[in-house]
Amino acid sequence: MPENKEPHVAKFVYDFTEGNKDLKDLLGGKGANLAEMTNLGLPVPPGFTITTEACKVYLDSGEEPAALRDEVSAHLDALEQRMGKKLGQADDPLLVSVRSGAKFSMPGMMDTVLNIGLSDKSVKGLSKQAGDERFAWDSYRRLIQMFGKTVLGVDGDLFEEALEQAKEAKGVQVDTELDAADLKKLVTAFKEIVKAEAGRDFPQDPREQMDLAIKAVFESWNGDRAKLYRRQERIPGDLGTAVNVCSMVFGNLGPDSGTGVAFTRDPASGQQGVYGDYLQNAQGEDVVAGIRNTVSLAELENIDKASYDQLMQIMETLENHYLDLCDIEFTIERGKLWMLQTRVGKRTAGAAFRIATQLVDQGLIDETEALQRVNGAQLAQLMFPRFDEDAKAEQVGRGIAASPGAAVGKAVFDSYTAVKWSRSGEKVILVRRETNPDDLDGMIAAEGILTSRGGKTSHAAVVARGMGKTCVCGAEELEVDTKRRRMIVPGGHVVEEGDVISIDGSSGKVYLGEVPVVPSPVVEYFEGRMHPGADDADELVEAVHRMMAFADRKRRLRVRANADNAEDALRARRFGAQGIGLCRTEHMFLGDRRELVERLILADTEAEREESLKQLLPLQKQDFVELFEAMDGLPVTVRLLDPPLHEFLPDITELSVRVALAESRQEPHENELRLLQAVHRLHEQNPMLGLRGVRLGLVIPGLFTMQVRAIAEAAAERKAAKGDPRAEIMIPLVGTVQELEIVREEADQVIAEVEAATGTRLKLAIGTMIELPRAALTAGQIAEAAEFFSFGTNDLTQTVWGFSRDDVEASFFTAYLEKGIFGVSPFETIDRDGVGSLVKSAAAAGRSTRPDLKLGVCGEHGGDPESVHFFHEVGLDYVSCSPFRIPVARLEAGRAATESRGSDHR
């Protein structure tokens with residue numbers, strides 16, 4: 001057994017009266033917020049929280065902290081004294097819930113057990129005290145069902161099947177129509193299931209129930225669905241979960257009782273109003289599970305006006321206190337309102353932007369805080385296409401617009417199939433009656449989620465919004481038959497598994513077949529086709545415009561584009577690019593120019609080589625003229641030729657076939673034969689580490705000087721046309737300062753020749769990519785010959801990790817992610833400890849040699865939200881990314897400049 005190493009903490013258990021909302025690390029989000037509501041004087045059932053530190057000890061050692069049992073006993077004694085009854089006592093039992101509560105919300109991913117304390121004896125006492133025998137036996141069957149599934153590991157479907165059989169035998173549709181006698185029989189059936197499946201009787205000792213439930217919650221932190229959710233949401237795996245033990249209040253005591261979920265604003269749109277779901281005569285998870293369809297929260301005013309009015313006041317109090325959209329769970333017990341949870345609510349991307357600007361307008365938060373309420377991933381989601389409203393499409397149903405977006409895919413009816421088909425390259429829509437936490441794999445794999453039950457607060461809706469996944473819930477007119485793997489739509493049409501459907505998470509509409517999509521209005525705004533303040537401007541566009549303005553005012557990092565032609569450059573400029581950080585000149589050698597490059601490669605003499613370069617020069621020059629014109633007044637970093645030459649030649653297999661066919665037909669094939677010989681000559685075992693980059697410039701005379709001349713002549717031409725070209729020449733794959741010095745000396749000579757010939761003074765900065773570990777480690781030396789560094793983090797990641805990106809992502813990255821070796825692919829987000837450490841040290845070493853050294857990054861990481869924050873921290877001057885990701889990088893640069901390190905806002 002591992003050694004039980006307990007942290008030096010004062011205690012492991014806190015009463016709800018002792019904590020506050022700032023103790024999420026210790027008490028978890030649920031416990032901290034229960035304490036905060038208690039402090040505010042809101043009606044919260046008494047209880048206590050077992051800290052995340054206790055969970056960490058248990059997970060590390062397999063044993064609870066030695067002091068925990070005594071602390072729990074002391075807090076339980078205090079709770080019993082306050083409530084005037086003992087846990088599970090026979091005549092009037094105190095019942096409690098045991099619920100998980102991590103620092104970050106993980107809806108449905110960990111365990112909850114309600115009604116702990118009920119037994120064969122105490123159920124009778126509860127019945128007598130409540131004056132409702134049906135309620136007592138309903139609560140007992142719920143306990144056995146939850147406890148059996150979450151604590152004892154019994155298959156939950158067995159309980160569901162027994163419940164369905166009970167309803168069928170009674171001839172009823174919903175469980176509320178089962179009477180006390182029916183539920184007594186169901187309790188007996190449930191206990192028999194537990195005995196058969198778990199190999200033990202359902203525990204009758206209430207303290208044993210509570211202790212086992214606490215351990216089950218601890219262990220659920222490392223359950224498969226919790227780990228999968230953490231990977232998806234990038235939540236650290238070492239935080240642990242707190243456990244909340246709360247005195248029970250009951251929403252299943254009859255029509256004057258119920259349970260609900262409320263939002264202080266619409267989590268889908270951000271609009272203020274009355275949003276949520278309510279379910280009469282229900283308990284705990286019934287609303288979120290979506291098992292029974294709810295009524296809207298507004299209907300509660302007609303059912304119980306006093307509770308409704310009190311809830312509205314509490315919602316206003318909480319939003320003004322938390323200064324954000326709040327997600328609230330509540331129960332009404334015979335007309336008495338109780339608050340069971342609040343948290344900063346998950347919301348759609350559009351709602352996040354709208355709410356942030358609304359709160360600024362209300363004077364509740366400032367611009368700096370507003371930037372922490374949105375993120376680049378949400379902005380990227382808003383830039384996705386949406387369905388064309390003018391397209392002819394066959395609508396077959398409509399549900400609740402739970403999470404926006406336009407999703408098209410083949411209908412599948414279980415999580416396993418969704419994952420399997422998705423891995424085969426199929427786009428799928430997961431169709432269920434309702435989802436539960438076990439469906440998480442399929443929800444992640446699917447393009448969208450469609451359910452026939454549940455509302456905006458159901459499991460499917462909450463999880464989909466958190467993941468930014470399109471979701472339509474509660475499409476009641478659709479008859480989902482998961483056993484037969486089909487869905488029957490109004491009119492009798494049957495959608496079989498594999499049939500294509502389209503769902504619109506913004507309107508709730510469901511269509512047969514594939515519906516065409518159109519650009520997002522947010523993209524049209526960035527493209528300049530929609531203007532904030534115009535009559536036809538979208539409200540969302542207004543909010544995005546304002547948040548981008550906030551970010552641009554706050555950010556220090558400049559944002560450039562990776563662009564290789566004038567068209568991409570102009571689009572990047574419309575998207576807010578402040579220059580080009582990477583122009584890949586190899587892309588200019590493709591297409592119609594491939595033949596000229598082939599001649600260069602095949603040249604046998606210096607004269608042939610010079611002739612090929614002479615023909616390429618004016619073409620390269622015109623490329624740069626157009627690029628400098630598009631980016632007039634802004635820097636353009638041109639990378640000289642980087643890839644190995646064989647990439648410009650035909651495929652070896654294709655060439656071999658052509659030569660063989662020509663020979664068999666006795667046709668002329670001299671050129672193909674020379675090309676084939678060249679391909680064999682240039683073949684390398686590992687071309688990524690072979691003859692490429694600066695090595696090409698040193699081995700092939702005239703190649704780099706031709707490119708430098710084209711850049712210089714284009715700059716001179718633009719200056720003569722009264723333009724303002726700001727070209728920068730970047731030498732790729734430098735590993736030692738000597739390489740850079742040789743190329744720089746030749747480049748300086750060419751630039752001087754162009755200046756003399758044109759009578760134009762050119763300011764062309766010369767720098768290098770830092771993309772090899774040796775370059776990073778000797779950055780101080782390289783800076784002696786470089787005016788700027790641009791970190792090529794794609795290749796730097798490959799060389800630091802020893803990965804060939806084209807191979808490893810397909811071969812074993814999935815396994816590494818599943819095993820937790822990676823939290824996220826290092827090609828997606830910068831590896832701070834390894835690659836990031838080299839970037840940081842190289843930046844510092846370079847600037848120690850040359851204080852005015854300009855620093856940037858041009859790998860894919862330049863548009864990754866989390867990586868942008870890292871580049872801000874280490875002092876880079878700019879990031880460069882593809883044009884479409886420029887708005888994301890701008891927003892994240894603003895957030896990085898205003899971020900309070902350690903902020904927990906999600």
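The structure presented is a predicted model; accordingly, all values stated were derived computationally and were not measured.

Another aspect to go through is the overall build of the protein. For the protein, the count of helices and strands is 36 helices and 31 strands. With the principal axes as the frame, the protein shows a C-alpha extent of 105 × 65 × 65 Å. Expressed as a percentage of its 906 residues, the buried residues of the protein come to 56%. Across the protein, the fraction of contacts at a sequence separation of at least 24, relative to all contacts at a separation of at least 6, is 69%. Carbon and sulfur atoms provide 46% of the accessible area of the protein, an area that totals close to 37,100 Å². Here the protein holds 107 positive side-chain charges and 145 negative ones, and the gap between their average locations is 2 Å.

If you trace the backbone, Asn302 turns up in helix α11 (residues 300–303). The class of Asn302 is exposed, set by a relative accessible area of 61%. Residues Asn302 and Phe822, 520 residues apart in the sequence, show an inter-C-alpha distance of 52 Å.

Counting buried residues in strand β5 (residues 241–247) gives seven out of seven residues, a clear majority hidden from the surface. The alternating pattern of β5 places Thr241, Val243, Val245 and Ser247 and Ala242, Asn244 and Cys246 on opposite faces, both of which are buried. Where strand β2 (residues 47–50) meets β5, four bridges bridge the pair, whose relative direction is antiparallel. Bridge pairing links Gly47 to Cys246 in β5. Pairing of strand β3 (residues 96–102) with β5 involves seven bridges; the strand directions are antiparallel. Note on β5: the bridge partner recorded for Val98 is Val245.

If you add up the space inside the second largest pocket, you get close to 800 Å³. Broken down by element, the lining of the second largest pocket gets its largest block of residues, four residues, from helix α31 (residues 793–801). In the lining of the second largest pocket, the residues fall into nine nonpolar, nine polar and twelve charged.

Let us look at empty space enclosed by the protein. As enumerated under the stated definition, the model contains four cavities of 30 Å³ or more in all. Approximately 40 Å³ is the volume found for the second largest cavity. Along the walls of the second largest cavity sit Ser105, Pro107, Phe263, Asp327, Arg343, Lys346, Val462 and Arg465, which together make up its complete lining. For the lining of the second largest cavity, the per-class residue count stands at three nonpolar, one polar and four charged.

Turning next to the pairing of strand β14 (residues 406–412). On a regular strand, one side chain projects to one face of the sheet and the next to the other, so that they alternate. The buried fraction of β14 amounts to five of the seven residues, a majority that puts the element mostly inside the structure. Bridging between β14 and strand β21 (residues 500–504) involves five bridges; their strand directions are antiparallel. From the neighbouring strand, Val408 faces β21, where its bridge partner is Ser502. Bridge analysis of β14 against strand β15 (residues 428–432) gives three bridges, and the strand direction is parallel. Looking at the pairing, Lys410 lines up with Val428 of β15. The parallel pair β14 and β15, bridged by helix α16 (residues 415–423), forms a crossover whose chirality is right-handed.

Evaluated as defined, the whole model comprises 19 aromatic pairs. Taking 6.0 Å as the distance between ring centres and 50° as the angle between the ring planes, the aromatic pair formed by Trp137 and Tyr140 counts as tilted. Of this pair, Trp137 and Tyr140 both sit in helix α5 (residues 133–150), separated by three residues, roughly a single helical turn. For the residue pair Trp137 and Tyr140, the accessibility class agrees, reading buried in each case. Ring centres 6.2 Å apart and planes at 80° place the aromatic pair Phe803 and Phe822 in the edge-to-face group. Taken together, the positions of Phe803 in the loop between α31 and α32 (805–811) and Phe822 in the loop between α33 (813–818) and α34 (835–849) put the pair 19 residues apart, joining distant regions of the chain. For Phe803, a relative accessible area of 9% puts it in the buried group. Put simply, the rings of Trp801, Phe803, Phe812, Tyr816 and Phe822 pair up and form one aromatic cluster.

This part is about the sheet that holds strand β28 (residues 765–770). What the eight strands build is a closed barrel, ordered β24-β25-β26-β27-β28-β29-β30-β31; its pairing is parallel. If you compare each strand with its neighbour and ignore which way they point, the axes differ by 25° on average. In the sheet, β28 pairs with strand β29 (residues 788–791) via three bridges, with the strands oriented parallel. Note that in β29 the partner of Thr768 across the bridge is Phe789. Running at roughly 150° to β28, helix α28 (residues 737–758) makes contact with β27 (726–731) and β28 of the sheet.

As a further point, take the packing of helix α4 (residues 122–130) against α5. Relative orientation of the contacting elements α4 and α5 amounts to 145°, with a least axis distance of 7 Å. Relative to α5, α4 is oriented so that their crossing is right-handed. Counting all contacts with α4, which are made through Val123, Leu126, Ser127 and Ala130, the residues of α5 involved are Glu133, Phe135, Ala136, Trp137, Ser139 and Tyr140.

Basis of the calculations
- Residues numbered from 1 in each chain as written.
- Predicted model: local features only at pLDDT ≥ 70, side-chain atom pairs only at ≥ 80, totals over all residues.
- Heavy atoms only, no water.
- Helix = DSSP H or I, 4+ residues; strand = E, 2+ residues; numbered from the N terminus.
- Buried < 20%, exposed > 50% of the residue type's maximum accessible area, 1.4 Å probe, protein only.
- Contact = heavy atoms within 4.5 Å.
- Areas by Shrake-Rupley, 256 points an atom, 1.4 Å probe, with all protein chains shown as cover.
- Lys, Arg positive; Asp, Glu negative; His and termini not counted.
- Charge placed at Lys NZ, Arg CZ, Asp CG, Glu CD.
- Pairing = 2+ DSSP bridges.
- 1 Å grid on protein atoms, 1.4 Å probe; cavity = no way out; pocket = protein on both sides within 12 Å on 5 of 7 lines; lining within 4 Å.
- Points joined across faces, edges and corners; volume = space filled by probe spheres on them.
- Nonpolar A, V, L, I, M, F, W, Y, C, P; charged D, E, K, R; others polar.
- Right-handed = clockwise from strand over helix to strand, strands pointing away.
- Phe/Tyr/Trp six-rings, centres within 6.5 Å; stacked < 30°, edge-to-face > 60°.
- Axes fitted to C-alpha atoms, helices over the stretch in contact; angles between N-to-C directions.
- Left-handed = near helix turned anticlockwise from the far one by under 90°.

So, to be careful, I would describe these as geometric facts and stop short of saying anything about function.
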